[in-house]
Amino acid sequence: MDDADSILQRLQQQLGVEALYQQQTVDDILTLWVSKERIIPAIQFLKTELPRPFKMLYDLFGIDERNRNRYNGLPMADFTVVYVLFSFDRNCFIKLKVALRGEYPSINSITSIFKNANWYEREVYDMFGIRFEGHPHLTRILMPLTWEGHPLRKEHPARATELGPFKLEDEYQDRQQEALRFKPEDWGLLEHGDDADFMFLNIGPQHPGTHGVLRIILQLNGEDIVDAVPEIGFHHRGAEKMAERQSWHTYIPYTDRVDYLGGVMNNLAYLLAVEKLAGIELPDRALVIRVMLCELFRIASHLVWFGTFAQDLGQLSPVFYMFTDREKIFDIVEAICGGRMHPNWFRIGGVAQDLPNGWQRLVQHFVDYFPPKIKEYENMVIRNSLFKARTKGIGIYTLEEAIEWGVTGPGLRACGLEWDWRKKQPYGGYERFEFDIPTARNGDCFDRALVRVEEMRQSLRIVKQCLENMPAGDYKSSHPLTTPPLKKFTMQDIETLITHFLNVSWGPVIPAGEAMSCIEATKGANSYYCISDGSTAAYRVRIRTPSFPHMQMVPFISKGYTVGDLLSILGSIDFVLADIDR
Amino acid sequence: MSATEHILIVIGVLFVLLNIAAGLIWVERRLLALWQDRLGPNRAGPLGIFIVLADTLKLFFKEDWIPPFADKWVFILAPAIVVGSVLLSFIVIPFAPGIVVADLNIGIIFFLAMSSFGVYSIVLGGWASNNKYALLGALRGASQMIAYEVFMGLSLMGVVMLSGSFNLADIVAAQKNLWFVVTQPVGFVIFFIAGIAETHRLPFDIPEAESELIAGYHAEYSGMKFGMFFIGEYLGITLISAMIVTLFFGGWLGPAFLPPLAWFVIKLFFFIGLFILLRASLPRPRYDQLIGYGWKIILPIVLANLLITGAVALLIRG
């Protein structure tokens, strides 16, 4: 933590000692409270002046602090805005918090420093009503423009039953539809250029190329994209709000549905944060089981991406072969978890059940079966010259741009940076496995595809290692907060019985504090920032998903290309709408 | 040939063609399914063949909607043009000795004229729909057609030089000893490529480009008007396959153990199958890539082919 101390010292020199207050968190990430006036200089300093700077705005979110029970000496706040920055040179995060007072406070925008702050600030405004001064276009981003209230504020109801019966009146419907009408002038887009009139093409919300309910409005000159405005939020289900009314345990199934192709990988990101808060250490067997399932899901997710990407480019057949193989993975998942896409199978302190008898045979079969298939698909799709013509040199971004826009995962590795959180900040037992980090150099659609295909091979390597070295032992921790707890002593002593009963009926009480996890999910870095107030439910859960910043980048990388290229770009990004909207 | 016979041939050809076009719905779906490891339609009738009936009935009974913002008469006319022009092309095709609707001595030119005519259906359909996706599709269709018409015609000139006739029956007869695919391989490949572009099938289905423009120029069409585009596409495949067979693969010629018509049909379905296989295997190039490829690569090749064929033909004839 010398690094953290030196950063703190440098910041104190820069901003003055009284401007900063350090908060201790269980995740060992330097957490500083900064006064509202100093936040811009602080972030500016961390990004540009500090040696080995914090180049990436990793996350930005708000917290409604008005219902807090325990402040533990922290600055008094009605709302908090949290900035999470990341430094690739230092391999460390830093959290800056700003306390805001008042019902509808405001704070200066950092969009001039970080480009990707744009959408994050809009989200905070949308969810909390906090205004960002100097933001170029501060409108709602996830909720409909006509929405009343700001959902993540504590007074906003979380259940439909609290809102009264819904009626779709004609007048209401007209108003909603009118709100969806795209007005170019709102976005600073011109209808006429120097020598041409522009056409505005509305792609989505229902369009086969968007892979879900996403709307992209294109400003076109002929077929050339002049500008694009993605509109998201159609898939918003308030996953973060639900965390505040579910118990720590019963929230797990909701995480499954965030990146719905990642399955248990989402459970892992959430549980890592919760387990940090609770201080639970996992037995080896549980760790390896989790890794194996996660890597199987990574392959499944990449297969969906691969097939649909080929289909976007007009190749109709690969998607069928790849979904067939994905089905084989689901057969394994089903045998182990009972579920398929949303197994909801990891638990606080372990996994739901031990592996079934004969699981080795299933996994072994797949490990043997799959490598020739990857080879086949590579020949079919990647080495196809039409495929190359459609993807090489399309949708390029440089490493600097990728970091500036918050790109993580395969999209970052395609720019040549060998960065994988499984290697750089190993979590959940990944440090025990041997695998390589595939990279590519050009950062175009083709390279992103190459990286993903190679990742499937590496994941398979990890699965193989799990298969060959599965440790014996418990599949759950014996920690009292493990939910549901091991039943070994439940019927023998009253204390365990009581804990068991409480943890299962009310749910476990996670100690007050806050912790952030960061995992290498299928699409990039996925984080859960859990804040506990010492209750059976989270006070606030923030889900940082990789697809959100990736989607924000689409206008930037699609300018100057054609409508056909946009499909290559969207396909190569590999986003999931639920992962964007949560 | 008596008038009755002639009328019978016309009716027979029309009947068979329309049935082939409809039957291709089933053939294509079954073949695609076979190549894509799935089952395809297999419920109605033996091997699911009645899916044709179900599909056709469905098309007839669907609401035939004309969008209020469309140009009504052009909107109605456009799908008729595609079917009309393709069916007209078939009148010059000799299916077997004596089985031809009109034995024109300008057969090839008539075919080229009719296939150029077909592009009007795309442009007018896309324009009359008054829809941005349809318009983009129509624009793409028009430029694709212009590019590929040029060397479609040029690729056939080698065959014309060798046979010395525009009449298709004469061209078939000229292949008695050697199919033109042997002497004109470049011409065949280019005609095939142009034919795919002409019928706008995958990989050159750029005017429709499902994942980009949804359905392109026929996005607004429903019911039997859409059905006409649909049938027009299958008729187009049949036409291009028939032309390939006639011009390069000896038409009805074949060993005597099967009648000439059977040889024609066998060869025809081979090429139809090839069209479907292409659809199952290739991705779609980008619109400007396709046009650029046409003008920059194919056009020089086809011109060179023409030059060499002419030189060699002159040399041989002394």
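Rules of the game
- Residues numbered from 1 in each chain as written.
- Chains lettered and ligands numbered in written order.
- Predicted model: local features only at pLDDT ≥ 70, side-chain atom pairs only at ≥ 80, totals over all residues.
- Heavy atoms only, no water.
- Helix = DSSP H or I, 4+ residues; strand = E, 2+ residues; numbered from the N terminus.
- Rg over C-alpha atoms; globule rule 2.2 N^0.38 Å.
- Buried < 20%, exposed > 50% of the residue type's maximum accessible area, 1.4 Å probe, protein only.
- Lys, Arg positive; Asp, Glu negative; His and termini not counted.
- Charge placed at Lys NZ, Arg CZ, Asp CG, Glu CD.
- Contact = heavy atoms within 4.5 Å.
- Buried area = accessible area lost by both parts, 1.4 Å probe.
- Salt bridge = Lys/Arg side-chain N within 4 Å of Asp/Glu carboxyl O.
- Disulfide = S-S within 2.5 Å.
- Pairing = 2+ DSSP bridges.
- Axes fitted to C-alpha atoms, helices over the stretch in contact; angles between N-to-C directions.
- Expected span 1.5 Å × (residues − 1).
- Bend = angle between axes of the 7 residues up to and from the residue.
- Phe/Tyr/Trp six-rings, centres within 6.5 Å; stacked < 30°, edge-to-face > 60°.
- Lys NZ or Arg CZ within 6 Å of the ring centre and 35° of its normal.
- Patch = residues over 30% accessible without salt bridge, like charges linked within 9 Å, V, L, I, M, F, W, Y side chains within 5 Å.
- Areas by Shrake-Rupley, 256 points an atom, 1.4 Å probe, with all protein chains shown as cover.

Peer 1: Is there a simple way to think about the overall build of chain A in this case?
Peer 2: On a plain count of helices and strands, chain A comes out with 20 helices and 16 strands. Computed over C-alpha atoms, the radius of gyration of chain A comes to 24 Å, within 12% of the 25 Å expected from 2.2 N^0.38 for 582 residues, which places it in the range of a compact globule. Referenced to the eigenvectors of the C-alpha coordinate spread, the extents of chain A come out at roughly 85 × 60 × 60 Å. By residue count, 61% of the 582 residues in chain A fall in the buried class. A gap of 3 Å separates the mean positions of the 64 positive and 76 negative side-chain charges of chain A.

Peer 1: Would you mind showing me how to read the interface of chain B and chain A here?
Peer 2: By convention, interface size is frequently given as the accessible area that disappears when the constituent parts associate. If you look at the interface, chain B gives 24 residues, while chain A gives 32 residues. Between chain B and chain A, roughly 2,400 Å² of surface is buried when both sides are summed, and carbon and sulfur atoms account for 58% of that area. The largest contributions to the chain B side of the interface with chain A come from Ser211, Pro283 and Arg286 of chain B, which together make up 24% of the buried area. Between the two partners, chain B and chain A, sit 2 salt bridges.

Peer 1: What is the right way to look at the state of the cysteines in this model?
Peer 2: Simply put, disulfide is the name for a covalent bond between the sulfur atoms of two cysteines. All names here are of chain A. Under the counting rule described, the total for this entry stands at 0 disulfides over all chains. Between Cys92, a free cysteine, and Cys518, which holds the nearest cysteine sulfur, the sulfur-to-sulfur gap is 12 Å. Overall, the relative accessible area of 18% leaves Cys92 in the buried class. Unpaired in this structure, Cys415 has its nearest cysteine sulfur neighbour in Cys445, at a distance of 11 Å.

Peer 1: Would you mind showing me how to read the sheet that holds strand β1 (residues 20-23) of chain A here?
Peer 2: Strands pair in a sheet through their backbones, by hydrogen bonds, and they do so in one of two ways: parallel or antiparallel. All names here are of chain A. On the basis of which strands lie adjacent, the open sheet formed by 5 strands has the order β1-β2-β5-β4-β3 and mixed pairing. The two strands at the open ends of the sheet, each matched to only one other strand, are β1 and β3 (56-64). Sheet twist, expressed as the average angle between the axes of neighbouring strands with direction ignored, equals 25°. Pairing between β1 and strand β2 (residues 30-34): 4 bridges, direction antiparallel. Residue pairing in the sheet places Gln23 in a bridge with Thr31 of β2. Most of the contacts of helix α2 (residues 39-49) go to strand β5 (residues 92-100), to which it runs at about 170°, and overall it touches β2, β4 (79-87) and β5. Its contacts with the sheet put helix α3 (residues 117-128) on β3 and β4, and the angle it makes with β3 is roughly 10°.

Peer 1: Please clarify how the pairing of β3 of chain A should be interpreted in this entry.
Peer 2: On any regular strand, side chains alternate: one points to one face of the sheet, the next to the other face. Residues and elements named next belong to chain A. Most of β3 is tucked away: 9 of the 9 residues are buried. Sheet topology places β3 next to β4; 8 bridges connect them, and they run antiparallel. In the sheet register, Ile63 faces β4, and the bridge partner there is Thr80.

Peer 1: What exactly am I supposed to notice about helix α3 (residues 72-89) of chain B here?
Peer 2: Residues lying three or four places apart along an α-helix face the same way, a consequence of the helix completing one turn every 3.6 residues. Residue and element names in this part refer to chain B. With 18 residues, α3 extends 27 Å from end C-alpha to end C-alpha; this agrees with the ideal 26 Å at 1.5 Å per step. At Ala80, α3 shows its largest bend, some 25°. Every buried residue of α3 is accounted for by Phe75, Ala78, Pro79, Ile81, Val82, Val83, Ser85, Val86 and Ser89. The inward-facing, buried residues of α3 abut α4 (107-129) and α10 (223-248).

Peer 1: Looking at this structure, I do not really get the packing of aromatic side chains. What am I missing?
Peer 2: Any two aromatic rings considered together are summarised by their centre-to-centre distance and by the angle between their planes. In the structure shown here, the tally under the stated rule is 48 aromatic pairs over all chains. Note on Tyr221 of chain B and Phe229 of chain B: the rings are 4.9 Å apart at their centroids and 75° apart in plane angle, and the pair reads as edge-to-face. In this structure, Tyr221 of chain B and Phe229 of chain B share a single accessibility class: buried. Each residue in the set Phe111, Trp179, Phe188, Phe191, Phe192, Phe248, Phe249, Phe270, Phe271 and Phe275 of chain B is aromatic and connected to the rest through ring pairs, giving one cluster. Seen from the ring of Tyr369 of chain A, Lys328 of chain A lies directly overhead, with NZ or CZ sitting 5.0 Å from the centre.

Peer 1: I keep staring at unusual backbone geometry and nothing clicks. Help me out?
Peer 2: Negative phi characterises most residues that are not glycine, and trans characterises most peptide bonds. Residue Asp28 of chain A is not a glycine yet carries a positive backbone phi of 60°. With respect to the element layout, Asp28 of chain A can be found in the loop between β1 and β2. Note on Asp28 of chain A: relative accessible area 56%, which makes it exposed. Within the chain, Leu47 of chain B stands out as a residue other than glycine whose phi angle is a positive 55°. With a relative accessible area of 56%, Leu47 of chain B lands in the exposed category.

Peer 1: Looking at this structure, I do not really get a nonpolar patch on the surface. What am I missing?
Peer 2: On the surface, Ile49, Phe50, Leu53, Leu57, Phe60 and Phe61 of chain B cluster together into a nonpolar patch covering about 660 Å² of accessible area. Phe50 of chain B sits in the partly exposed class, given a relative accessible area of 45%.

Peer 1: What should I look at first to understand the sheet that holds strand β8 (residues 199-203) of chain A in this one?
Peer 2: The 3 strands are arranged β8-β9-β10 (chain A) in an open sheet whose pairing can be described as antiparallel. Of all the strands in the sheet, the pair left with one neighbour each is β8 and β10 (224-231) of chain A. Along the sheet, successive strands turn relative to each other by an average axial angle of 20°, direction set aside. Relative to strand β9 (residues 215-221) of chain A, β8 of chain A runs antiparallel, the two being bridged by 5 bridges. The partner of Ile203 of chain A across the bridge, within β9 of chain A, is Ile216 of chain A. In the packing of helix α19 (residues 563-573) of chain A onto the sheet, the strands contacted are β8, β9 and β10 of chain A, and the crossing angle to β9 of chain A comes to about 145°. Strands in contact with helix α5 (residues 132-163) of chain B are β8 and β9 of chain A; relative to β8 of chain A, the strand with the most contacts, it is inclined by about 110°.

Peer 1: In this structure, what is going on with the pattern of salt bridges? I would like to understand it.
Peer 2: Where charged atoms from two side chains of opposite charge approach closely, those side chains can pair. All names here are of chain A. All told, the structure shown has 46 salt bridges over all chains when counted by the stated rule. Among the salt bridges present, the one from Lys97 reaches Glu514, with a minimum N-O distance of 2.7 Å. Here the residue Lys97 occupies a position in strand β5, and Glu514 occupies one in strand β13 (residues 513-516), the gap between them amounting to 417 residues. Take Lys97: its relative accessible area is 1%, and that puts it in the buried class. The residue Arg457 makes a salt bridge to Glu378 at a minimum N-O spacing of 2.8 Å. With Arg457 in helix α15 (residues 445-468) and Glu378 in helix α10 (residues 359-382), this residue pair connects regions lying 79 residues apart in the sequence. Using a relative accessible area of 15% as the deciding quantity, one classes Glu378 as buried.

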